[in-house]
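So the chains spell out like this:
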Amino acid sequence: MKKTSLNRREFLTRTAQRGALVASGGLLWAYLLQQQAQATATAIRPPGALAEADFNASCIKCGQCVRACPYDTLKLAPVGDTAAIGTPYFTPREVPCYMCEDIPCKQACPTGALTPQLSRINDSRMGLAVIDIENCLSWQGLRCEICHRECPVQGKAISVEHHPRKLSKHAMFVPLVHSEACTGCGICEKACPTDEAAIRVVPPDLVQGKIGSHYRLGWKNEAGITKDFKPAAKIKSPDDQPAGGLDYLNKGEL
Amino acid sequence: MNTAAKENKLGPNGKPVRPFVMPKSMRGKLSVWRYLIYRRTLQITILLLFYGTAHWGWNIAETPIIVGNLSASKLLGFIPLADPFASLQIMFTRHMPQNELLIGAAIVLGFYALIGGRVWCSWVCPINMVSDLAAWLRKRLHINDNFRLSKQLRYSVLILTLLLSTITGLAAFEWVSPISMFHRELIFGVGMGWTAILGIFLFDLLVQRDGWCGRICPLGAFYALVGKLALLRIGFDAPTCTHCCECIKVCPEPAVLNFSKAAQQGMIISGECTNCGRCITVCPEDTLQFRYRFKTSTHQPAHSNPRLTTGE
Ligand code: SF4
Ligand code: SF4
Ligand code: SF4
Ligand code: SF4
């Protein structure tokens, strides 16, 4: 009898010890995983990559996409790299994605982490180019616009607009990126002639804002106009007349 | 060796207990090492095939031989292969992988289910070379265990892996696996992955013999379960066994060599056996041999076992 109860006690202690070991190990492990997942927030993924959390869950880190890329664009992050352990990413300033029409990286992916639903490379959203206007040559008034000319989504992802310039009759021609067309391939970042690229591709989440749905931009589209909007009737008052003396600008007197 | 004490002893079968003696001739030595040599050859060949395909463009008729790594790959351009445990973890994150991965995982799973789950461990896994080296050195340096982890711990780690995969939404073991890290970095460029290997080496060397592979690794635990029904087994010819225990000394999973169980079954039945063949070549009585699970054995098991009839 005595022996059984001792054994049982020992058994219970052992079970408890093991449980504690597994639980504490598990907590530490979960923490490590969380840390790793956060590290990926800045990585630029291959075309067709699922949203970051889904991508991290689905990718098995096999590197078949890396091997399929004819330009050696993609890398599989070794431990201690900027992207999370073993996941594929690329650094546009080194080698951008040249946007192959047949998307071989996506075709090679066995898991679907690079989604088979991506059929046209122009629909991919690897990142979004943003311009540092304080260091962009064009924004200083020089005629660069290299990014605009190199962009494979010609004229749609980067347009060149003119912009008035102080102390000069000549306008500036400045590049502007349009998120609805930019694929995030990074060819612009690679091409930018400044010492540190003045145009860079970053994960859209990190830079894109969102207008609240309660803003109705009626001047941009009809649907934005509130249906029952009626401008208040003008209040007529005797003083409600243009100040004659100040109206010379509109009367062609200049 | 500690032969003096055993010199005059008789085994349960009435025959004298002979110790294992390493043969003097090179031929004899090679024969003792034969499975070790086969295993290393296979392990290194697999590594080389991946590496050669990736870096030296190895191909057969323009088709790359094997692209990817041990987590998932494509053999000869059309046969998908995938780590079934990694695939299972992905499914536990509630993401359904594409068919290609599922088929690859099924092929690999089927293969190991037939020839022994832990054949992966001793014949393919690159960590095996590290842990074998640690075990060998530990024997040389006479380092004793100063700490004991249960052999069952790995099954808890296995369950924890699946649980954490669901909770964190990341394939929990794949994200920290030193096996995948090591193999990936060998093929895709080296980072800090080797520190994990060093960790395993030191743990196995200084803390606990076969600590990683035999007690912690959930992939080994997974394959131990897969191998429960495998057809390729280490056969145990009970009447010839003198219980010299040479096999137990070399086995990385000694609990697996349970003589009474093995005698009953005529083979080693535990899924934890890695089919490495170490025991076969040190057995002085040729008791142990690879065998097919369902072969009609020449010896009647149980009741013709001298241990159970005369040896009492
Ligand atoms: S689309 Fe082409 S260039 Fe871009 S990552 Fe894929 S394979 Fe490489
Ligand atoms: S091919 Fe797919 S699963 Fe493999 S590393 Fe690339 S994205 Fe991940
Ligand atoms: S290439 Fe660079 S410097 Fe030139 S316009 Fe574009 S962002 Fe500016
Ligand atoms: S990343 Fe640059 S080059 Fe590529 S689509 Fe966007 S703007 Fe064009």
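Treat the numbers as computed from the prediction; the structure is a model and nothing was measured. All residue numbers refer to position in the chain's written sequence, counted from 1. Think of it this way: whatever chain is written first is A, whatever ligand is written first is 1, and the rest follow in order. Predicted model: local features are reported for residues with pLDDT of at least 70 only, side-chain atom pairs are reported and counted for 80 or more only, and whole-chain, interface and lining totals are derived from all residues. Hydrogens and water molecules were not included; the side-chain quantities draw on all heavy atoms of the structure.

Under the DSSP-based scheme used, a helix requires at least four consecutive residues in state H or I and a strand at least two consecutive residues in state E, with every element numbered from the N terminus. Of regular secondary structure, chain A possesses 7 helices and 6 strands. Out of the 254 residues in chain A, the part that is buried amounts to 37%. Taking all contacts inside chain A whose residues are at least 6 apart in sequence as the whole, residues at least 24 apart take part in 62%. Counting only carbon and sulfur atoms, one obtains 56% of the accessible surface of chain A, whose full area is about 16,400 Å². Burial classes: relative accessible area under 20% of the type maximum marks a residue as buried, over 50% as exposed, and values in between as partly exposed (1.4 Å probe, protein chains only). By definition in these notes, contact holds between two residues if any of their heavy atoms fall within 4.5 Å. To be clear on the numbers: accessible area is Shrake-Rupley with a 1.4 Å probe, and residue cover counts the displayed protein chains and nothing else.

Further remarks concern the packing of aromatic side chains. Each aromatic pair joins two rings of Phe, Tyr and Trp (for Trp, the six-membered one) with centres within 6.5 Å, and gets the label stacked for planes under 30 degrees apart, edge-to-face for over 60, and tilted for any other angle. Under the criterion given, the structure shown has 14 aromatic pairs over all chains. Connected via pairs of aromatic rings, a cluster forms that spans F85, F111, Y112, W120, F173, W212, F222 and Y223 of chain B.

What follows is about empty space enclosed by the protein. Residue and element names in this part refer to chain B. A cavity, in this analysis, means grid points on a 1 Å lattice covering only the protein atoms where a 1.4 Å probe fits yet has no way out; a pocket is instead an open set bounded by protein on both sides within 12 Å along at least five of seven lines, and a residue lines either one if it has an atom within 4 Å of a point. Grid points are joined across faces, edges and corners, and a volume is the space filled by probe spheres set on the points. Scanning the entire structure with this criterion turns up 11 cavities of 30 Å³ or more. Reported here for the largest cavity is a volume of approximately 190 Å³. Along its surface, the largest cavity is lined by 20 residues, and R118, C121, N128, S131 and C213 are the ones closest to its centre. Contributing elements (two or more residues each) for the lining of the largest cavity: α5 (119-124), α6 (127-140) and α10 (211-216). If you tally residues by element for the lining of the largest cavity, the top one is α6, at 4 residues. Within the lining of the largest cavity, the residues separate by chemical class into 9 nonpolar, 6 polar and 5 charged. Each residue gets one of three labels, nonpolar for Ala, Val, Leu, Ile, Met, Phe, Trp, Tyr, Cys and Pro, charged for Asp, Glu, Lys and Arg, and polar for the others, Gly among them.

Residue and element names in this part refer to chain A. Along its sequence, chain A is carved into domain 1 (41-123) and domain 2 (127-208). An automatic or database domain assignment is the source of the domain bounds shown. Centre-to-centre separation of domain 1 and domain 2, based on C-alpha positions: 24 Å. Buried area is calculated as the accessible area (1.4 Å probe) missing from two parts once they are joined, with the contributions of both summed. Between domain 1 and domain 2 the total buried area reaches about 1,100 Å² when both faces are included, carbon and sulfur atoms providing 62% of it. When the buried area of domain 1 at its contact with domain 2 is split by residue, I44, R93 and M99 rank highest and sum to 48% of it. What makes a salt bridge here is a side-chain nitrogen of Lys or Arg within 4 Å of a carboxyl oxygen of Asp or Glu, nothing more. Seen at the junction of domain 1 and domain 2, the total is 0 salt bridges. A 3.5 Å cut-off defines polar contacts: any pair of N or O atoms within that distance qualifies, except that in protein one atom must be a possible hydrogen donor and the other a possible acceptor, and neighbouring residues in sequence count only when both atoms are side-chain atoms. Inspection of the domain 1/domain 2 interface yields 5 residue pairs in polar contact (both at pLDDT 80 or more).

The next point concerns the pattern of salt bridges. In total, this model carries 16 salt bridges over all chains according to the counting rule given. The closest approach of N and O atoms between K75 of chain A and E94 of chain A, which form a salt bridge, is 3.6 Å. You can see K75 of chain A sitting in strand β1 (residues 75-76) and its partner E94 of chain A sitting in the loop between β2 (88-89) and α4 (104-108), a full 19 residues away along the chain. A salt bridge links R154 of chain B to E272 of chain B; the nearest nitrogen and oxygen atoms lie 3.4 Å apart. You can see R154 of chain B sitting in helix α7 (residues 153-168) and its partner E272 of chain B sitting in the loop between α13 (259-265) and α14 (278-282), a full 118 residues away along the chain. Neither residue differs from the other here; R154 of chain B and E272 of chain B are each classed as buried.

Looking now at helix α2 (residues 34-55) of chain B. Working note: α-helix, 3.6 residues per turn, so residues spaced by three or four point in the same direction. Residue and element names in this part refer to chain B. Taking 1.5 Å per residue as the helical rise, α2 with its 22 residues ought to reach 32 Å, and the 31 Å between its terminal C-alpha atoms agrees with that figure. Along α2, the positions that sit buried rather than exposed are Y35, R39, R40, Q43, I46, L47, F50, G52 and T53. Where α2 ends, the next residue or the one after it, G57, has phi of about 60°, a positive value. Expected helix span is taken as 1.5 Å per residue step, with the number of steps being one fewer than the number of residues.

Our focus in this paragraph is the interface of chain A and chain B. Contact residues are listed per partner, giving 36 residues for chain A and 45 residues for chain B. Summed over both sides, the interface between chain A and chain B buries roughly 3,300 Å², with carbon and sulfur atoms accounting for 67% of that surface. Taken as a group, W29, I60 and R67 of chain A account for 22% of the area that chain A buries against chain B, more than any other trio of residues on that side. On inspection of chain A and its partner chain B, the count reaches 0 salt bridges. Contributing elements (two or more residues each) for the side of chain A that touches chain B: α1 (2-39), α2 (52-58) and α3 (64-68) of chain A. A per-element tally of the side of chain A that touches chain B places α1 of chain A first, with 10 residues. Among the residues forming the side of chain A that touches chain B, the class breakdown is 19 nonpolar, 13 polar and 4 charged.

Once that is clear, we can look at the layout of surface pockets. Approximately 1,100 Å³ is the volume attributed to the largest pocket. In this structure, the largest pocket is lined by 30 residues; those nearest its centre are A135, W136, K139, K249 and V250 of chain B. Sort the elements by how many residues they give to the lining of the largest pocket and α6 of chain B lands first, with 7 residues. Its residues assigned to classes, the lining of the largest pocket shows 14 nonpolar, 4 polar and 12 charged. Residue-level mapping places the lining of the largest pocket at the junction of two domains, with at least three residues from each of domain 1 (3-23 + 232-274 + 287-309) and domain 2 (37-225) of chain B. Forming the walls of the second largest pocket are 23 residues, and the residues nearest its centre are G25 and W29 of chain A together with V176, W212 and I216 of chain B. Mapped onto the lining of the second largest pocket, the elements with two or more residues apiece are α1 of chain A together with α7, α8 (178-188) and α10 of chain B. A per-element tally of the lining of the second largest pocket places α1 of chain A first, with 9 residues. Class assignment of the residues belonging to the lining of the second largest pocket gives a composition of 19 nonpolar, 4 polar and no charged.

A few words on unusual backbone geometry. Phi at K61 of chain A takes a positive value of approximately 65°, unusual for a residue other than glycine. Inspection of the secondary structure puts K61 of chain A in the loop between α2 and α3. Even without a glycine there, the phi angle at R94 of chain B is positive, about 65°. Topologically, R94 of chain B is positioned in the loop between α3 (84-92) and α4 (99-115). Given a relative accessible area of 64%, R94 of chain B falls into the exposed group.

So, about the packing of α3 of chain B against α4 of chain B. Residue and element names in this part refer to chain B. Here an angle of 0 to 180 degrees is reported between the N-to-C directions of two axes, which are lines fitted to C-alpha atoms, with helices fitted over the stretch in contact. Closest axis-to-axis distance for the α3/α4 pair is 9 Å, and the angle between their directions is 140°. It follows that α3 is oblique to α4 by the angle criterion. Considering only the axes of α3 and α4, their crossing is left-handed. Between α3 and α4, the residues in contact are P84, S87, I90 and M91 and L101, L102, A105, V108 and L109, respectively. Of the residues in the contact of α3 with α4, the class split is 8 nonpolar, 1 polar and no charged. Here roughly perpendicular refers to angles of 65 to 115 degrees, roughly parallel to angles under 35, roughly antiparallel to angles over 145, and oblique to all remaining angles. Should the near helix be turned counterclockwise from the far one by less than a right angle, the crossing is left-handed, whereas a clockwise turn marks it as right-handed.

One heavy atom suffices: a residue is near a molecule or strand as soon as one of its heavy atoms comes within 4 Å of it. The immediate surroundings of ligand 2 are formed by 13 residues, with C59, C62, G63, C65 and C109 of chain A found nearest. Of the residues in the shell around ligand 2, the class split is 9 nonpolar, 3 polar and 1 charged.

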